Amino acid sequence: MSAVVDVVRAELFKAFRKRRFYALAGLYWVLLPVVALITAAVLDRNLTGSFADQNGTIVQVVQGFASPFGLARLALMAPALMSPTAYIIAVALFAGLFIGEERSHHMWKTTLAVQPARMAVLIGKLTSGMILLGLLLAGGLATASLAGAAGMLFLPTTFGGTWGSLVGLFALQWLHLLAALTLAYLLVFLVRSGTLGIILVIFLPALLEGLWAILNTLQQLEPLTRFNAVFQALRLKQAWEGLPQLFFTANLYAPARHPLGAFVRSTGASANADLGPIGNLLGQNLTLPHAALVMAGYTVVFGLWLAWVLHRRDIE
């Protein structure tokens, strides 16, 4: 245990002296809430009381994303709705720092000479990455909430919201990122290049899932006739609905994308609003227990593979 603590202490000492962590934190903690508050102020000033403000719609919209709870919810959702997502970018950068730089600077021999227990080094590096990701998420929650509270001074917003469930979603999203971090470490270690590893981490899962979706869709197609057109459409719909069930990305971001339906409804949409195929790809039809179980499976597979590779390979 002391060996793992020593590795964590050394890795965090290195990480906090790199600009990438502070650049990510600045974009996430400052830029996101500032842009959201400016947007809310412009909407409130220009549209409140206009023909577009039917039954207080603009106030509902502003409350939905610029209140303390709304901004905190946005801080959870927004990074998962980008392409590529901010979550996977952060994971890739930390993998490049903790694994890729060891390769680039030929430091693995030195690291293992100082701490010869390879599993302790691996666990320490994973722990360090999770600590940094946890700091980013906790900081995003805190700064968004404070920014939303400041916004109450000039916006028609309130402090209400289901804060307990939102904090739980932040914690669950953080746990899901362990699978992504393990995969990132594995890819960076296998390709022996920090830059190439980062590119693979960001684009490979989505690329493989896209190819699988195309092949699965083509497999459902048959010669089209007037009689089977409806059945083919239903079969394609069922195929698309079933695709995300085991997809890495859909399950990885399920906690962050889970409030999307509630956010859409808070802006005045129907409670039965259906996001259609987009909702399927965003994992809106996935339950959180299912997503957690799938990500636990990915974590075990990637973790065992990474441990085997690190244990068996000769480190150059």
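Scroll up to find the structure.
Conventions adopted
Residues numbered from 1 in each chain as written. Predicted model: local features only at pLDDT ≥ 70, side-chain atom pairs only at ≥ 80, totals over all residues. Heavy atoms only, no water. Helix = DSSP H or I, 4+ residues; strand = E, 2+ residues; numbered from the N terminus. Expected span 1.5 Å × (residues − 1). Bend = angle between axes of the 7 residues up to and from the residue. Buried < 20%, exposed > 50% of the residue type's maximum accessible area, 1.4 Å probe, protein only. Salt bridge = Lys/Arg side-chain N within 4 Å of Asp/Glu carboxyl O. Contact = heavy atoms within 4.5 Å. Polar contact = N/O pair within 3.5 Å; in protein donor to acceptor, adjacent residues only side chain to side chain. Patch = residues over 30% accessible without salt bridge, like charges linked within 9 Å, V, L, I, M, F, W, Y side chains within 5 Å. Areas by Shrake-Rupley, 256 points an atom, 1.4 Å probe, with all protein chains shown as cover. 1 Å grid on protein atoms, 1.4 Å probe; cavity = no way out; pocket = protein on both sides within 12 Å on 5 of 7 lines; lining within 4 Å. Points joined across faces, edges and corners; volume = space filled by probe spheres on them. Nonpolar A, V, L, I, M, F, W, Y, C, P; charged D, E, K, R; others polar. Core = buried A, V, L, I, M, F, W, Y, C linked by side-chain atoms within 4.5 Å. Phe/Tyr/Trp six-rings, centres within 6.5 Å; stacked < 30°, edge-to-face > 60°.

Asks: Which residues make up helix α4 (residues 68-81), and what are the values?
Replies: Here α4 contains 14 residues, and its C-alpha end-to-end distance of 20 Å stays within 8% of the 20 Å for a straight helix at 1.5 Å per residue. When the local axis directions of α4 are compared, the greatest deviation, roughly 30°, occurs at Ala75, which is followed within four positions by the proline Pro79. Counting buried residues along α4, 13 of its 14 residues qualify, which places the element largely inside the surrounding structure.

Asks: Tell me about the pattern of salt bridges, residues and numbers included.
Replies: Following the criterion strictly, the structure yields three salt bridges and no others. Across the pair Lys14 and Glu11 runs a salt bridge whose closest N-O atoms are separated by 3.1 Å. Of this pair, Lys14 and Glu11 both sit in helix α1 (residues 2-15), separated by three residues, roughly a single helical turn. Given the relative accessible area of 6%, Glu11 is considered buried. Where Lys125 meets Glu11, a salt bridge forms, and the shortest distance between an N and an O atom there is 2.9 Å. In this pair, Lys125 sits in helix α7 (residues 118-151) while Glu11 sits in helix α1, placing the two residues 114 residues apart along the sequence. Glu11 matches Lys125 in its accessibility class, with the two residues each being buried. Linked through salt bridges whose partners overlap, the residues forming this network are Glu11, Lys14 and Lys125.

Asks: Outline the environment of His176, supporting the account with residue identities and numerical values.
Replies: By the element assignment, His176 lies in helix α8 (residues 163-191). Looking at His176, the relative accessible area reads 3%, which means it is buried. As for His176 and Ala254, which are separated by 78 residues in sequence, their C-alpha atoms are 8.8 Å apart. Setting aside residues no more than four positions away along its own chain, His176 makes contact with Asn251, Leu252, Pro255, Ala291, Ala292 and Met295. Side-chain polar atoms of His176 contact the backbone oxygen of Leu252, separated by 3.4 Å.

Asks: Go over a nonpolar patch on the surface, please, and point to the residues and values.
Replies: On the surface, a cluster of nonpolar side chains totalling about 330 Å² of accessible area is made up of Phe16, Tyr22, Ile131 and Leu135. Examined against the element boundaries, Phe16 turns out to sit in the loop between α1 and α2 (19-47). Classification of Phe16 by relative accessible area gives partly exposed; the value is 30%.

Asks: Lay out the layout of surface pockets in plain terms, naming residues and giving numbers.
Replies: By volume, the largest pocket amounts to about 510 Å³. In terms of lining, the largest pocket is formed by 25 residues, of which the most central are Ser83, Ala206, Thr249, Tyr253 and Arg257. Among the secondary structure elements, those contributing two or more residues to the lining of the largest pocket are α4, α9 (194-220) and α11 (248-252). The element best represented in the lining of the largest pocket is α9, accounting for nine residues. Here the lining of the largest pocket is built from residues that sort into 19 nonpolar, four polar and two charged. Of the pockets and cavities examined, the second largest pocket occupies roughly 390 Å³. Residue assignment for the lining of the second largest pocket shows that the elements contributing at least two residues are α2, α4, α5 (86-104) and α7. Sorting elements by how many residues they give to the lining of the second largest pocket places α2 first, with five residues. Class assignment for the residues of the lining of the second largest pocket results in 16 nonpolar, no polar and no charged.

Asks: Tell me about the environment of Leu177, and name the residues and values.
Replies: Inspection of the secondary structure assignment puts Leu177 in helix α8. Residues Leu177 and Val91 lie 86 residues apart in sequence; the distance between their C-alpha atoms is 7.8 Å. When residues no more than four places from it in sequence are discounted, the contact partners of Leu177 are Tyr87, Val91, Met130, Leu133, Leu137 and Leu252.

Asks: Requested: an account of the side chain of Thr157, with residues and values cited.
Replies: Position of Thr157 relative to the elements: it lies in the loop between α7 and α8. A relative accessible area of 9% means that Thr157 is categorised as buried. If we skip the residues at most four places from it in the chain, Thr157 touches Val62, Gln63, Ala66, Ser67, Gly151 and Met152.

Asks: Go over the nonpolar core, please, and point to the residues and values.
Replies: When a protein is soluble and globular, its nonpolar side chains tend to lie buried together. Core analysis: the biggest nonpolar cluster contains 77 residues, and Tyr87, Phe94, Phe170, Tyr185 and Phe248 have the highest contact counts within it. Here the element with the most residues in this core is α8; it accounts for 14 residues.

Asks: Account for the packing of aromatic side chains, naming residues and giving values.
Replies: For the coordinates displayed, the defined rule picks out nine aromatic pairs. For the ring pair Phe159 and Trp163, a centre distance of 5.3 Å and an interplane angle of 25° mean the geometry is stacked. Among the residues examined, Trp163 registers a relative accessible area of 21% and is labelled partly exposed. Plain terms: the ring middles of Phe248 and Tyr298 are 5.2 Å apart, the flat faces sit at 90° to each other, and that makes the pair edge-to-face. With Phe248 in helix α11 and Tyr298 in helix α15 (residues 288-312), this pair connects stretches of sequence that are 50 residues apart. Taking relative accessible area as the criterion, Phe248 reaches 6% and is therefore assigned buried. Given a relative accessible area of 22%, Tyr298 falls into the partly exposed group.

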